[in-house]
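What follows is each chain in one-letter form.
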Amino acid sequence: MLAIIGGTGLSGLQDFELLETIGLKTPYARAKVRLSRLQSAGKEFLFLPRHGAGHKIPPHQINYRANISALAELGVTEIAAVNAVGAIHDDLFPGSVAVPDQIIDYSYSRDVSFFDGKLKPVHHIDFADPYSETMRLRILSAIEAVGTRKKSSCRIMSSGTYACTQGPRLETAAEIRRLAQDGCDMVGMTGMPEAALARELEIDYASLALSVNWAAGLSEEPILLDDIHAVLEKGMDFISSVLAEVVAQSQGPELKAKVKGAQI
Ligand code: HPA
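Residues numbered from 1 in each chain as written. Predicted model: local features only at pLDDT ≥ 70, side-chain atom pairs only at ≥ 80, totals over all residues. Heavy atoms only, no water.

Before going further, it helps to examine the site of the ligand. Lining the immediate environment of the ligand, one finds A84, V85, G86, L170, E171, V187, G188, M189, V212 and N213. In this structure, A84 approaches the ligand through a main-chain N or O atom, which is 3.4 Å from a nitrogen atom. A distance of 2.7 Å is found between a nitrogen atom of the ligand and a side-chain nitrogen or oxygen belonging to E171. Mapping the ligand onto the cavity grids shows that it belongs to the largest pocket. Contributions of two or more residues to the shell around the ligand are made by strand 5 (78–87), strand 10 (186–188) and strand 11 (204–214). The element that contributes the greatest number of residues to the shell around the ligand is strand 5, accounting for 3 residues. Across the shell around the ligand, the residue classes break down as 6 nonpolar, 3 polar and 1 charged. (Near = heavy atom within 4 Å. Polar contact = N/O pair within 3.5 Å; in protein donor to acceptor, adjacent residues only side chain to side chain. 1 Å grid on protein atoms, 1.4 Å probe; cavity = no way out; pocket = protein on both sides within 12 Å on 5 of 7 lines; lining within 4 Å. Sits in = over half its atoms within 2 Å of the grid points. Helix = DSSP H or I, 4+ residues; strand = E, 2+ residues; numbered from the N terminus. Nonpolar A, V, L, I, M, F, W, Y, C, P; charged D, E, K, R; others polar.)

Quick look at the structure:
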């Protein structure tokens, strides 16, 4: 079963029918997941807004373990995650999208593992390639299909390194210079530990990143939230279409039985 994790600017999916909101009690916290349907393709999937309904949870306070364990509990085997990012690479103009293939994690003080020696024994996963290549290719082919259909001139970066910072503040110009020297192409606050937790539970996970601003110090202009929101609003139309394509290509609804049996 496919799940979409929505980020800033994507706390709901207008084009999809909401079938049911499922509340789950996980060992970490409660989580709410929306069972949704893409009507045109008759495909069901789960949607989880990572900042909560109404975008009330900042990146450093998201309970990533509750979210990922709730999805796993519902039988999720693949996740397309949406992340808003600041652009570091010259080609990643605000409004363009990227499907990163690497991560550097600069976040701290987050619960980063299920294998903490309490509920699960200590264990070290292979994370050399942090994203699922299968899922990355599915997202990329969905981008291509939508781009062709819409004759979109949206720029695409088909790989790149995602820097995860702690937030909620944006970075200093010096921090961005360091990230650039480290080889980072984009910066966001929510990519980790989400990707690692998904890998720990053997869920295929990849990110669809929307560039919403030039990272700190890379533009003459200050970073204004109003500008970010304007780019988000414009870009989310394309993102929603890409997600619809990913859902349309997904396995579909044999998941319902599992959802029905879930703890509400
Ligand atoms: N930095 C960190 N996270 C972000 C940014 C940024 O510039 N833009 C959107 N998310």
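The subject of this paragraph is the layout of surface pockets. Considered as a void within the structure, the largest pocket measures approximately 490 Å³ in volume. Taken together, 27 residues make up the lining of the largest pocket; nearest its centre are T8, P59, A84, L170 and M189. If you list the elements that add at least two residues to the lining of the largest pocket, you get strand 5, strand 10, strand 11 and helix 5 (225–248). Considering each element in turn, the lining of the largest pocket owes the most residues, 5 residues, to strand 5. Of the residues belonging to the lining of the largest pocket, the class tally is 15 nonpolar, 10 polar and 2 charged. (Points joined across faces, edges and corners; volume = space filled by probe spheres on them.)

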